[in-house]
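Fold and contact review
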Amino acid sequence: MKATRKDFAGMAARAAQQARVFFFCGPDEAGASDAAERIVSLLADPGERVEMAGAELRKDPVRLGDEARSNSLFGGTARHIWVRAQGDEAHDAVQILIENPVESYPVVIVATGATDKSRTAKLLAARNDGLAVMFHAPDLGTVTGAVRTMANGAGLKMGGELAERIARASGLDTRLARSEVNKLALYLDASAETPRPVTSADLDAIGASTEDDDFAPLVDAVLGGKRSAIGPELKRLHDMSINPVGLLLAFERRAAQLAGLNARLGRGGDVGAVLEAESAARRVFWKDKPVLTVQLRIWRGPRLERLVARLVALHQTLLANSQDAELLLARGLLEIARIACLDVEHRTNRTS
């Protein structure tokens, strides 16, 4: 089966009962992750979560089938397999799994950098026991609507202006937006049975601006090649004891945004014109246009693909080495910044 973001909402419950392999892809990694969590919540018995990395499966594609069938052979508790992959890393593993007639536990794949044209998506699109869904980069209106839906479910009476404020503060990341909605519901003691109205003062009280306000200067310094600002920004975030994984998520959201803008820009598009159009459509905050202009000229084509792959690998490294996460993140960001700085210097020398 193959679906769009719009189709998914209506078919999720049926797909959770019918399919055994789920592939969520596209530049909106938050939307893909949300969809994956939705499927897991709809499983009759999700059981234990077994997490795997796409890089592991690329090296040992048989392992996915072994993990997905291990308990089914000998009885025991239920499980589902959660795979975080880059592009088509899991393709061979999925092919081996679905070609084997032995029943397996559900496999949910979130594939950053993949599309519905990827080999894995095509492998599942024509099968009734598989589902492939692509999530395009969200716009402000889509995330604002999602925030209002979350708020309604949590018992919050929220107007469009406040929902948009949360959407903006969350960087159009529905995972962060959901966290803010949950904090509001707890703060107001709201529930579906006892709904409460939300005011701007309530939003101020729970700190809906999120850490992204602190992350933005470093994200812009690294991806924009601002050599002089990178060191002081890293020190500032160290002094503030910022969560390394949270900071990396801010970089991943910006990379996803750049990927969406690259798709609209095409090969020879006008960066300024595209950003003006995106700003007018309220998909880009007008204050972000200057930094996005610089970053779009640095991170294009294969270089952007390598950036996304590097961020995904760095994310997996941080999760596996939590004690050294801050040091590992700093090293990874400096490698990325070095590429951006060289590009900026090259452009400067060429025009001088």
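Source: prediction; values computed, not measured.

What follows covers the overall build of the chain. Secondary structure summary: the chain contains 17 helices and eight strands in total. Its C-alpha atoms give the chain a radius of gyration of 21 Å, within 12% of the compact-globule value 20 Å for 352 residues. When each of the 352 residues of the chain is scored for burial, the buried share is 49%. Within the chain, contacts between residues separated by at least 24 positions form 78% of all contacts whose residues are at least 6 apart in sequence. For the chain, the exposed surface amounts to about 16,900 Å²; the carbon and sulfur share of it is 53%. Side-chain charges of the chain comprise 46 positive and 46 negative groups, with the mean position of each set lying 5 Å from the other.

The geometry of a pair of packed helices is captured by two quantities: the angle between their axes and the separation between those axes. Relative orientation of the contacting elements helix 7 (residues 140-153) and helix 9 (residues 174-188) amounts to 35°, with a least axis distance of 10 Å. Taken as a pair, helix 7 and helix 9 cross one another with a handedness that is right-handed. Across from Val143, Ala146, Val147, Met150 and Ala151 in helix 7, the residues of helix 9 making contact are Thr174, Ala177, Arg178 and Val181. Across the contact of helix 7 with helix 9, the residue classes break down as seven nonpolar, one polar and one charged.

Moving on to the pattern of salt bridges. On inspection of all chains with the given rule, the structure shows 22 salt bridges. Linking glutamate 345 and arginine 227 is a salt bridge whose minimum nitrogen-to-oxygen distance equals 2.5 Å. Taken together, the positions of glutamate 345 in helix 17 (residues 325-351) and arginine 227 in helix 12 (residues 227-239) put the pair 118 residues apart, joining distant regions of the chain. Relative accessible area serves as the criterion here: at 34%, glutamate 345 is assigned to the partly exposed category. Among the ionic contacts, a cluster of salt bridges with common partners joins Lys2, Asp116 and Lys117.

This brings us to the sheet that holds strand 4 (residues 79-86). Adjacent strands of a sheet form backbone hydrogen bonds with each other and so pair up, either parallel or antiparallel. Read from one edge of the open sheet, six strands run 1-6-2-5-4-3, paired in parallel fashion. Each end of this open sheet is capped by a strand with a single partner; those strands are strand 1 (2-4) and strand 3 (48-53). Here the average twist between neighbouring strands, direction ignored, is 20°. The pairing of strand 2 (residues 21-25) with strand 6 (residues 130-134) spans five bridges and is classified as parallel. Its bridge partner lying in strand 6, phenylalanine 23 is registered against alanine 132. Against the sheet, helix 16 (residues 301-320) engages strand 3, strand 4 and strand 5 (107-112), with an angle of about 140° to strand 4.

It is worth spelling out the confidence of the model for the chain at this point. Per-residue confidence for the chain gives a mean pLDDT of 86, with 95% of residues at or over 70. Per-element confidence in the chain is highest for strand 2, whose mean pLDDT is 95, and lowest for helix 4 (residues 62-74), whose mean pLDDT is 75.

For the rest of this paragraph, the subject is the packing of helix 2 (residues 29-42) against helix 9. One can describe the packing of helix 2 onto helix 9 by two numbers: an axis separation of 8 Å at closest approach and a directional angle of 65°. For the pair formed by helix 2 and helix 9, the contact residues are Glu29, Ala30, Gly31, Ser33 and Asp34 on the first element and Thr174, Arg175 and Arg178 on the second.

Another point: the layout of surface pockets. When its volume is computed, the second largest pocket comes out at roughly 660 Å³. Considering the residues around the second largest pocket, the lining is formed by 27 residues, among which Pro27, Gly113, Ala259, Leu304 and Val308 are closest to the centre. Elements supplying a minimum of two residues to the lining of the second largest pocket: strand 4, helix 13 (244-265) and helix 16. Split by residue class, the lining of the second largest pocket holds twelve nonpolar, ten polar and five charged.

Parameters at a glance
- Residues numbered from 1 in each chain as written.
- Predicted model: local features only at pLDDT ≥ 70, side-chain atom pairs only at ≥ 80, totals over all residues.
- Heavy atoms only, no water.
- Helix = DSSP H or I, 4+ residues; strand = E, 2+ residues; numbered from the N terminus.
- Rg over C-alpha atoms; globule rule 2.2 N^0.38 Å.
- Buried < 20%, exposed > 50% of the residue type's maximum accessible area, 1.4 Å probe, protein only.
- Contact = heavy atoms within 4.5 Å.
- Areas by Shrake-Rupley, 256 points an atom, 1.4 Å probe, with all protein chains shown as cover.
- Lys, Arg positive; Asp, Glu negative; His and termini not counted.
- Charge placed at Lys NZ, Arg CZ, Asp CG, Glu CD.
- Axes fitted to C-alpha atoms, helices over the stretch in contact; angles between N-to-C directions.
- Left-handed = near helix turned anticlockwise from the far one by under 90°.
- Nonpolar A, V, L, I, M, F, W, Y, C, P; charged D, E, K, R; others polar.
- Salt bridge = Lys/Arg side-chain N within 4 Å of Asp/Glu carboxyl O.
- Pairing = 2+ DSSP bridges.
- pLDDT = per-residue confidence, 0-100.
- 1 Å grid on protein atoms, 1.4 Å probe; cavity = no way out; pocket = protein on both sides within 12 Å on 5 of 7 lines; lining within 4 Å.
- Points joined across faces, edges and corners; volume = space filled by probe spheres on them.

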